[in-house]
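# An overview of the molecular structure
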Amino acid sequence: MKKARAGVLISGRGSNMMALVEAAKAPDYPAEIVCIVSNRADAAGLAFAEANGIATKVIDHKAYATRDAFDQALGDYLESQRVDLVACAGFMRIITPALIRRFEGRMLNIHPSLLPAYKGLHTHERALADRAKEHGCTVHLVTDELDDGPIVLQAKVPVRPGDTAESLAARVLVEEHRIYPDALAMVAKRIKN
Ligand code: GRF
């Protein structure tokens, strides 16, 4: 089996990236994680990636005058690593259309809501404020609209009485770690066939 080469973009904790790395250790997983890129040098996930022998790269957005210049450098690095697929995993930068074009249909994102509900930030707080009965997470292809694009997989969780944003986020995160590896595998198989 020829595996798809995947790069993962992070900005912080990196727990979704870790779930992808762990899943990709299975011999029959259709993608290999070849590099982890962070826009922040202090991202906690970088140490995990290094410990797992995966190439890491910090590309600090503050070192670039424009969003376009940053995305050009990011795209150039990903192409230098010959990635077929890009997985955004808590990557807190808006991606420009020019970079999206370079990985059209091959760039994924995970969002902590049942899209199209609650695009943007503070999704758990907003679901609680609305007294939503259920909440969840979505893996989707990245398009020019923020937190939009074709849905690859979703998972629902119940909102329970007494939930706080933290308890709800923790329940959603368990599902994020389950569906992101499955979604990446689905897209990897699609592009390699
Ligand atoms: C996750 O909730 C993800 O859905 C959102 O940002 C968070 C990142 O967490 N986009 P982690 O860095 O993967 O632990």
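Note on numbering: residues in each chain are counted from 1, in written sequence order. Per-residue local features are limited, in this predicted model, to residues with pLDDT of at least 70; the limit for side-chain atom pairs, both in listing and counting, is 80 or more; totals at the level of whole chains, interfaces and linings are taken over all residues. By convention in this description, side-chain values take in all heavy atoms of the structure and omit both hydrogens and water.

### Regarding the pattern of salt bridges
Which entries qualify depends on this criterion: We define a salt bridge as a side-chain nitrogen of Lys or Arg found within 4 Å of a carboxyl oxygen belonging to Asp or Glu. Secondary structure elements are taken from DSSP: a helix is a run of H or I of four residues or more, a strand is a run of E of two residues or more, and numbering for both begins at the N terminus. Only protein chains enter the calculation, and the probe is 1.4 Å; a residue is then buried if its accessible area is under 20% of its type maximum, exposed if over 50%, and partly exposed in between.
This model, assessed by the stated rule, comprises twelve salt bridges. In this structure, the salt-bridge partner of Lys-119 is Asp-148, at a minimum N-O distance of 2.6 Å. Here Lys-119 is found in the loop between β5 (107-111) and α5 (123-129), whereas its partner Asp-148 is found in the loop between β6 (134-141) and β7 (151-158), with 29 residues between them in sequence. What makes Lys-119 partly exposed here is its relative accessible area of 33%. The class for Asp-148 is partly exposed, based on a relative accessible area of 28%. The partner of Arg-171 in a salt bridge is Asp-163, and the shortest N-O contact between them spans 2.7 Å. One network of salt bridges, in which partners are shared, links Asp-76, Glu-79 and Arg-102.

### Side note on the nonpolar core
Short version of the rule: To define a nonpolar core, start from buried Ala, Val, Leu, Ile, Met, Phe, Trp, Tyr and Cys residues and group those joined through side-chain atoms within 4.5 Å.
In terms of nonpolar packing, the biggest core is built from 41 residues, with Val-8, Ile-33, Ile-36 and Leu-184 touching the most fellow members. Take this core: its biggest share by element is nine residues, from helix α6 (residues 165-192).

Just distances and angles here, no functional claims.
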